[in-house]
Each structure stands twice: as C-alpha cells, then as structure tokens.
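What the coordinates show
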Amino acid sequence: MYLHSQSRKKNGKTYTYYSLAESYREGKKSKTKVLCYLGTLTPLQAQQIRNTLKITQSPETFVTTFDDLLFEDHWHYLDIAFLNHLWDKEWGLSKLFPLPEETSQTRKKDISTGDIAKILTFYRCLDPGSYLSAIDWFNTTTCDLILGIDGTHFNESRIYRELTAIEQQKEKIEQYLYETLKSSDEESMRIIFYDLSDSYFEGKNCQLANPGITKANGFKTKKIVLSLLVNSKGYPFSWDILEDYTADVKTLTGNADRWKQKFNLPKVIMVFDRGMVSDDNLKHLEDSKNHLYITALDKDQLTGVEGFKFDRFKNFTEKTTENKIISKGLTKYDDNTYYEDLGVDSSDRRHILVFNPDRLKDQRKAREKLIGKAMEELEEEKSSLMEAKKSRNEKPTEKRIDEILKKFKVNGYLKYSIESVVIITKEGSEVRTFNLKYERKKEAIEKAMLTDGMWMLATNITKTTEPEEYRLGPEKLIRAYRDKNRVEEGFKEVKSFLKFRPTFVYSNDHVRAHYTICILAYLLDVTVTNRLREAPVEDVGSVRKVYSMLERCEVAMLGVRGTKCEGKKLMPVTDVQKNILQMFNCKYLRESEYLKSIGIK
C-alpha cells in the first residue's frame, strides 16, 4: 500500500489529488488499484500518511516522539577503525603475532596476543597513559566490535601476561618491517638514520636502568638508553634498549655489525649525529668496506681538518655579504647556507665545510650572553668574598669559581686569579679572604669566532665510491645529514606524544615490550604524517589533527522509552572525515555493509 498522487489542471491551475493505492500484477502487466480516495492534502499531511504507511510495512519502524528517543551510551569509532585499517590493510601487522592456539597449551585464549598488541598500540596513539588506565579507555571505544572480541577479557592481568609474548615477536617485527620497506621502496632504504636518546624511571627499580646523566633532565639514578633506526622516510625498522651503556660513541660500531648480520644489509649509507663521532668509530666503518657514513664534527674539531684554512674567514660578521662569502671559495646551497668541498684527506676521508650566516649570528650572541651571565656571578662571588664574615679557604673558593665557569661553559673564554687579602669586619675582627680578578681570554674568543657559523660534514663517500649511485655530491650529502631530523622526530614523538615516560612497567620484558608498542604506534603516526606531506587535506595539518577529527565520529546506543527497541548507530560523517578516509582508501569504514558486519546500523 502506498500514497498515490495525480495532478489535474482546472481553470489554468494545477491541483494534486491523493488516494491510497496498491500495486498488483495481471499477467505480465503491473497495475494500480485505488483503495480509497483522499482528495487534496497539504505537503505535511501527505508526508505524515507516508510515514504511517512506512510503519505498517517495516517491523523496524515505529511512531515515537523526540522526548521518548533515548541516547543511552556512546563509543569512539572512526579513529579506532582508521587505525585498525592502517594496522591490517597498510602494514599487515596482525600476522606477525601468534594465534591463540599457538600460545596456550591448555585452552584457546579468549583474546589473542595480536589483539592485545593492537589495542595497546591504538591506546598509545590516541590517549596514552598507564596500562591500568588502558582498560577504562578500552571501554570508551568500539575496539570490541571492530576486532570481534569479548571486551570482558581485556583486563590488567591479561595485558601484563601478553607483554612478554609481544616482546618475543620483536625480532620478527623488525625483520618484517625491513623487508616490507625494502620491497615497497628500495630507494628509501639506501640511506638510514641512527640515533640514541635517553629516558628514566621514577620509583621502583628497573634492571635495565643505571645511574647516569640524561641529556634533558640531568643526573638520574635510573637512566635508560633507547636506540632507533629509521629509513629515509622516517619509518622505523630496528630499535632497542641498550644495556651496559657507556657513551654514544661506543654503541655505533657494535650496532652496525649487528644490523649487517640481522638484515643481511647490502651497502647502505648510515647517517648519525656528531655525538657518536670518534676516530675509532669512523675507522671501523671504513675498514668494514660495507658501511658508508655521513656525520658531522664538533666545532672544536674543525681546525684539525686537513685543507681547512679558517684564517680567511676572520673578518666574517653577521653583515657579511653573499658576494664576500662566495669570494672566499664557498658555493651557495640555499638562501642561508654555503659550502665548500674540501676533498679527500690523507686518511681517505672526505670533508664538506658548511657555513650559515644566521648560525654565526646565533653563536656569537649566545657566547656573549653566557660570558655576560658568568661575569655577573663572578662579580657576586667577588663581593661575597670581600664582605666575608669568616675566613675563606683557597680550594673551596676556587671550586666555586670553577663551577660558575663550568655552569655557563665559558672555561675557555674567561680566566681568573685570586689574591689573598685580610679585611676588617665592622666588629673589628680580621678575616682572611680573597680578592677575585677575572678577564676575557681575548685570543681564545677571537679564535672561536673564526669558526662561528660553520660546521663540517665527514664522510667516506667519494667520487670513486662503488656502486656509482652512492657517489653523492656535496649538496646531496648536506641534504642527507639535515634529513637526520627524521629519527629525531621519531624520538620526539615517542617521548612527547606517545609518552614512553612515565613508564608504568619495570621488568625487563615489559619495559622492552612497552618500547616496542611505542615504536608500532610511531609507525602508524609516521604513515599518516607522510601521506599528509604527499597530499595535504584542508584544515588537517598533522597526525594529531587527523585523530582529533576522526574521534568526533562516534557510535551511539539509541533506544525508545517504554520499548525494548535499541540499537547502535553511527554519527554522520563530515566532509573532512570523508576526505581523510578517501586519502587512505578506507571509505568502507562508513559504509552500511561494513557497519552491519560489526553490529552497527
């Protein structure tokens, strides 16, 4: 039965008449039978009748009021579904974890190791916190629907049991990522970036942690050292927590040899920070005949490089013109960078001198600022000595002064002397103290100024390097070293957004598994970041923005007061959300066929 309409013209006007009708077949012909004539209706009356007829024809349709419609609960959907797509469709990570029957000898697990790893990775991407808090977060999501699991089995004891199983898959995950990246984009594996970072524990003991000085937080009793290896697009494929760590420079050669064995690495170019540079390290890589490298020297190493005639730059200032810079033998790289290829020295090592006027300005300003602050404190120390109430000893006095110079890192730019004096206090007593004298080391400052704004690349890549595609020119060498921020971005993401610290686990396997989960989360993050770089989405400039946009699309539980009718329904998808899904080829996540398959209308 349906509402049938017919239009007729009368006296130049068109009138619409309605009737209730039904269709029937007579032989092979479809005909209409009018059941009741209704006459003319307003548009609202016509729609009300259509709604009433729809109710009679569908068991899922009923009459209610807006007040009787109940919003009973809601869960995050689109951000979870999106990450699940990246995990399985983009990277195929689920197959790297054992099936439930493979990890339990007594009975089949209610939830697999792979699902635990997946949930914890999503948690780190979207709302990182403690593993205990992960359970509360899980209950606000549609992870159970999307993964097809019983959410009651996701609990604290299961999480901690599975962390060990997750860490046991680390070598397999690393090998898989290396092979996947190499097969999909071999060029991106020609240059790889390596770096170290540190973190620390509070409270309970951790066997992996040792006392040491962290780069950002000073001395910590429970310092931990993280390593990370990424390809030229920032995708991670090897990571570790280093035990018996002593210094950056002592970890490089051992790891390089392990990577060669683990991945059967062909000839690759390793890019690493100047903090790992030692002559022994570079010789080890050069002697291996398999490792090419690009790194940089510390500022105080520049004057020892063969062929570097730094005296010609003695008149450089922040106002030095481009023409004058080029007249000294430098070549323009970009608006703020110039370089000179110094060639290969007697040790078959090649150096590229790089000069940046802005860097010169910043270094000189920073030096003067530190010297000024040190002199202020020295003046305070001098006043304190000359107003002493008690006699001072020489060694403690010198120690305090040395600590001031060390604090501002100006030992090489200021010199001092102390002269023993006797002063009379207001009370008339004698006090043995010191008169402090200090001054700038003019020659040392002038020598330091000769290399302001400069840094030096060191590499074993030359014009005779084989194979030929590895013979990088000066500009490509500079670009490659600058691109090491890829691995720095990885550490920043892991430590700041994915929150490696505070670490809420302490056993060796659990801490290592925690780092592995953070790296898997970063893998998903950098996947989104790289796609945005290739094809930006309007109003979406970062991976965090992608997640915040997607999290607004939730699934709600709707019900009707006084009935047993209820069901889960997806919120309407916005245009921006549609654009994100289209970019990653996952429009199916909002389509009815997929939604029905996981219990959502």
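The coordinates are above.
Residues numbered from 1 in each chain as written. Predicted model: local features only at pLDDT ≥ 70, side-chain atom pairs only at ≥ 80, totals over all residues. Heavy atoms only, no water.

Below, the discussion takes up empty space enclosed by the protein. Scanning the entire structure with this criterion turns up one cavity of 30 Å³ or more. One number sums up the size of the largest cavity: a volume of about 30 Å³. If you go around the largest cavity, the residues you meet are Tyr-194, Asp-195, Val-271, Phe-272, Asp-273, Lys-484, Val-487 and Glu-488. Residue classes in the lining of the largest cavity are distributed as four nonpolar, no polar and four charged. (1 Å grid on protein atoms, 1.4 Å probe; cavity = no way out; pocket = protein on both sides within 12 Å on 5 of 7 lines; lining within 4 Å. Points joined across faces, edges and corners; volume = space filled by probe spheres on them. Nonpolar A, V, L, I, M, F, W, Y, C, P; charged D, E, K, R; others polar.)

Vacant regions in the atomic arrangement are exposed by a probe of water-molecule size rolled over the atoms. In this structure, the largest pocket encloses a volume near 650 Å³. If you go around the largest pocket, you meet 17 residues; those closest to its centre are Lys-299, Asp-300, Arg-367, Tyr-413 and Ala-448. If you list the elements that add at least two residues to the lining of the largest pocket, you get α12 (357-386) and α14 (442-449). The greatest single-element share of the lining of the largest pocket, amounting to four residues, is contributed by α12. Taken together, the residues that form the lining of the largest pocket break down as seven nonpolar, three polar and seven charged. (Helix = DSSP H or I, 4+ residues; strand = E, 2+ residues; numbered from the N terminus.)

Another aspect to go through is the packing of α12 against α14. Two elements in contact, α12 and α14, have axes whose closest approach is 11 Å; the angle formed by their N-to-C orientations is 155°. Relative to α14, α12 is oriented roughly antiparallel. For the element pair α12 and α14, the recorded crossing hand is right-handed. The segment α12 lies against α14, with Arg-364, Arg-367 and Ile-371 engaging Ile-445, Ala-448 and Met-449. Residues belonging to the contact of α12 with α14 are distributed by class as follows: four nonpolar, no polar and two charged. (Axes fitted to C-alpha atoms, helices over the stretch in contact; angles between N-to-C directions. Parallel < 35°, antiparallel > 145°, perpendicular 65-115°, else oblique. Left-handed = near helix turned anticlockwise from the far one by under 90°. Contact = heavy atoms within 4.5 Å.)

Attention now moves to a positive patch on the surface. Together, Lys-361, Lys-365, Lys-369 and Lys-373 line one region of the surface with positive charge. Mapped onto the elements, Lys-373 comes out in helix α12. (Patch = residues over 30% accessible without salt bridge, like charges linked within 9 Å, V, L, I, M, F, W, Y side chains within 5 Å. Areas by Shrake-Rupley, 256 points an atom, 1.4 Å probe, with all protein chains shown as cover. Salt bridge = Lys/Arg side-chain N within 4 Å of Asp/Glu carboxyl O. Lys, Arg positive; Asp, Glu negative; His and termini not counted. Charge placed at Lys NZ, Arg CZ, Asp CG, Glu CD.)

On to the nonpolar core, then. The tendency in soluble globular proteins is for nonpolar side chains to be buried side by side. Tyr-77, Phe-82, Ile-294 and Phe-308 are the most contacted members of the largest nonpolar core, which has 143 residues in total. The leading source of residues in this core is helix α17 (residues 508-534), at 13 residues. Excluding its chain neighbours within four sequence positions, the residues that come into contact with Tyr-77 are Thr-142, Ile-146, Cys-553, Glu-554, Val-555, Leu-570, Leu-589, Tyr-594, Leu-595, Ile-598 and Ile-600. Judged by nonpolar contacts, the second largest core, of 14 residues, contains Ile-371, Ala-374, Ile-404 and Ile-418. (Core = buried A, V, L, I, M, F, W, Y, C linked by side-chain atoms within 4.5 Å. Buried < 20%, exposed > 50% of the residue type's maximum accessible area, 1.4 Å probe, protein only.)

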